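These are the residues of each chain, in order.
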4 protein chains.
Amino acid sequence: MNLSVDEAGGAPVAPRGYTADKDAYRRRLKRIEGQVRGIARMVDEDSYCIDILTQVAAVTKALHAVSIGLLEEHIGHCVVSAAAESEEAGDAKVKEALDAIARLLR
Amino acid sequence: MNLSVDEAGGAPVAPRGYTADKDAYRRRLKRIEGQVRGIARMVDEDSYCIDILTQVAAVTKALHAVSIGLLEEHIGHCVVSAAAESEEAGDAKVKEALDAIARLLR
Amino acid sequence: MNLSVDEAGGAPVAPRGYTADKDAYRRRLKRIEGQVRGIARMVDEDSYCIDILTQVAAVTKALHAVSIGLLEEHIGHCVVSAAAESEEAGDAKVKEALDAIARLLR
Amino acid sequence: MNLSVDEAGGAPVAPRGYTADKDAYRRRLKRIEGQVRGIARMVDEDSYCIDILTQVAAVTKALHAVSIGLLEEHIGHCVVSAAAESEEAGDAKVKEALDAIARLLR
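The structure displayed is predicted, hence computed values, not measured ones.

## Description of the overall build of chain A
Looking only at helices and strands, one finds four helices and zero strands in chain A. Starting at the N terminus and walking to the C terminus, you meet the elements of chain A as α-α-α-α. Classification of the 106 residues of chain A by burial places 49% in the buried group. A sequence separation of at least 24 residues applies to 46% of the contacts in chain A between residues at least 6 apart.

## Observations regarding empty space enclosed by the protein
Under the counting rule described, the total for this entry stands at one cavity of 30 Å³ or more. In terms of lining residues, the largest cavity is bounded by 19 residues, among which Leu105(A), His64(B), Leu105(B), Leu105(C) and Leu105(D) are the most central. At the level of secondary structure, the elements contributing two or more residues to the lining of the largest cavity comprise α3 (49-85) and α4 (87-105) of chain A, α2 (49-85) and α3 (87-105) of chain B, α3 (87-105) of chain C together with α3 (49-85) and α4 (87-105) of chain D. Among the residues making up the lining of the largest cavity, the classes are represented as eight nonpolar, seven polar and four charged.

## Some words on the pattern of salt bridges
All names here are of chain B. Overall, the coordinates contain 30 salt bridges over all chains when judged by the stated rule. Close ionic contact of Lys30 with Glu33 constitutes a salt bridge, the shortest N to O distance being 3.4 Å. Placement of the pair is Lys30 and Glu33 together in helix α1 (residues 22-44), with a separation of three residues, close to one helical turn.

## Some details on the relation of the copies chain D and chain A
Overlaying chain D on chain A yields an RMSD of 0.0 Å, the required transformation being a rotation through 180 degrees with an accompanying axial translation of 0.0 Å. What the superposition gives is, in effect, a two-fold axis relating one chain to the other.

## A few points about the interface of chain B and chain A
Taken together, the contact between chain B and chain A spans 44 residues of the former and 49 residues of the latter. Interface area, chain B with chain A, both sides summed: about 4,200 Å², of which 70% is carbon and sulfur. Linking chain B to chain A there are six salt bridges. In this structure, the connection of chain B to chain A is made through 14 residue pairs in polar contact (both at pLDDT 80 or more). At the level of secondary structure, the elements contributing two or more residues to the side of chain B that touches chain A comprise α1, α2 and α3 of chain B. Sorting elements by how many residues they give to the side of chain B that touches chain A places α2(B) first, with 16 residues.

## Regarding a positive patch on the surface
A surface patch of positive charge is lined by Lys61(A), Arg106(B), Lys61(C) and Arg106(D). Of note, Lys61(C) is situated in helix α2 (residues 49-85).

## Quick word on the relation of the copies chain B and chain A
Superposition of chain B onto chain A requires a rotation of 180 degrees combined with a translation of 0.0 Å along the rotation axis, giving an RMSD of 0.0 Å. With an isologous cut-off of 70% or more, the 98% of interface residues of chain B that recur at the interface of chain A puts this contact in the isologous class.

## Details of the packing of α2(B) against α3(C)
The N-to-C vectors of α2(B) and α3(C) enclose an angle of 150 degrees; their axes lie 10 Å apart at closest approach. As summarised for this structure, α2(B) and α3(C) are arranged roughly antiparallel, according to the angle between their axes. When the axes of α2(B) and α3(C) are compared, the crossing they make is right-handed. Of the residues in α3(C), those in contact with His64(B), Ile68(B), Leu71(B), Glu72(B), Ile75(B) and Gly76(B) of α2(B) are Val94(C), Lys95(C), Leu98(C), Ile101(C), Ala102(C) and Leu105(C). The residue makeup of the contact of α2(B) with α3(C), split by class, is eight nonpolar, two polar and two charged.

The rules behind the values
Residues numbered from 1 in each chain as written. Chains lettered and ligands numbered in written order. Predicted model: local features only at pLDDT ≥ 70, side-chain atom pairs only at ≥ 80, totals over all residues. Heavy atoms only, no water. Helix = DSSP H or I, 4+ residues; strand = E, 2+ residues; numbered from the N terminus. Buried < 20%, exposed > 50% of the residue type's maximum accessible area, 1.4 Å probe, protein only. Contact = heavy atoms within 4.5 Å. 1 Å grid on protein atoms, 1.4 Å probe; cavity = no way out; pocket = protein on both sides within 12 Å on 5 of 7 lines; lining within 4 Å. Points joined across faces, edges and corners; volume = space filled by probe spheres on them. Nonpolar A, V, L, I, M, F, W, Y, C, P; charged D, E, K, R; others polar. Salt bridge = Lys/Arg side-chain N within 4 Å of Asp/Glu carboxyl O. Least-squares fit on C-alpha atoms with pLDDT ≥ 70 in both. Buried area = accessible area lost by both parts, 1.4 Å probe. Polar contact = N/O pair within 3.5 Å; in protein donor to acceptor, adjacent residues only side chain to side chain. Patch = residues over 30% accessible without salt bridge, like charges linked within 9 Å, V, L, I, M, F, W, Y side chains within 5 Å. Areas by Shrake-Rupley, 256 points an atom, 1.4 Å probe, with all protein chains shown as cover. Lys, Arg positive; Asp, Glu negative; His and termini not counted. Charge placed at Lys NZ, Arg CZ, Asp CG, Glu CD. Axes fitted to C-alpha atoms, helices over the stretch in contact; angles between N-to-C directions. Parallel < 35°, antiparallel > 145°, perpendicular 65-115°, else oblique. Left-handed = near helix turned anticlockwise from the far one by under 90°.

In structure tokens form, the structure reads like this:
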């Protein structure tokens, strides 16, 4: 597994809203990956079900926080610039973003 | 939840509700860990925000499924056997389980 | 959950787990009904979208609290007594309860 | 309670994103209010806990749908027009919208 890619290779190419925070997202996702590995370890060690559930809830919360961050940047960049371009383009991006939010709420 | 498990490998040691399905949980958590790694890779490759959010929603869903499985076994084993022992013990375990469910709902 | 109830009024008839707290649930649901009516009023008065969303989130939270209360009593009564009766009966009730929890998580 | 206000009285004043759909939101919220009343009735009639929980989950889902609709119009109108005005104004509205989404995810 190679998450800490060298910046030369992983240098921003597309103008994604989150590009500026790429390293921050890498770190957060690496931490979440470690939390999931920790939950697997708890299962191996026959940890108490409730303690495992508490960790699962913590990971879900961390993923929600990542989603909120990505959405904020997406709406602030992609959606807003599409809307500046044309109403149709804007409406399409807004619809797409709301479909994503609806998937998170489910 | 129908988890086909190789009992030889995952032989129960502690009397946890999920012990019988240990290997299945290991596999599911390994898959979730891989999904999180995949999301980090999407960030590296400047994937489209909405596609990343779709993957984050999928991981959250997979974690919910794990929680439901753990809860089912916890209630069916720990809670029920505590209740058979004494009403106080049972009520305490029920309260504890509901606190865990409340954390998942948040 | 600490629900102070006038037992005289809410005298248990059916053996439901929540019967003892019937009046408390009535009051809570009446309050939620009022909150929903308040949201409709906000729409009538062209309130700010975000303020409406805050109220919708509050109602959702109140409904979650009701669910947690009902589940706690259901598991503490119906599920536990079914499990005392027979393993099959208990497993069926546990499965049914988890299906309900899964619907709440979605 | 008077939700079906005559349009003369309830005529759109503020330029809210949802103003065009006001009647639709009124109808949806009136239906949700009726669903909550139905849940209270189920408690009165000692309905089975699981059946009540199913109804609570249905109301939560209906509220989520209302939130998604309000958010779509809010982002498509208030947020986009604020962003057209100035980057600061846009960022502030995006932040505010995401805080609202975070409250819905909790």
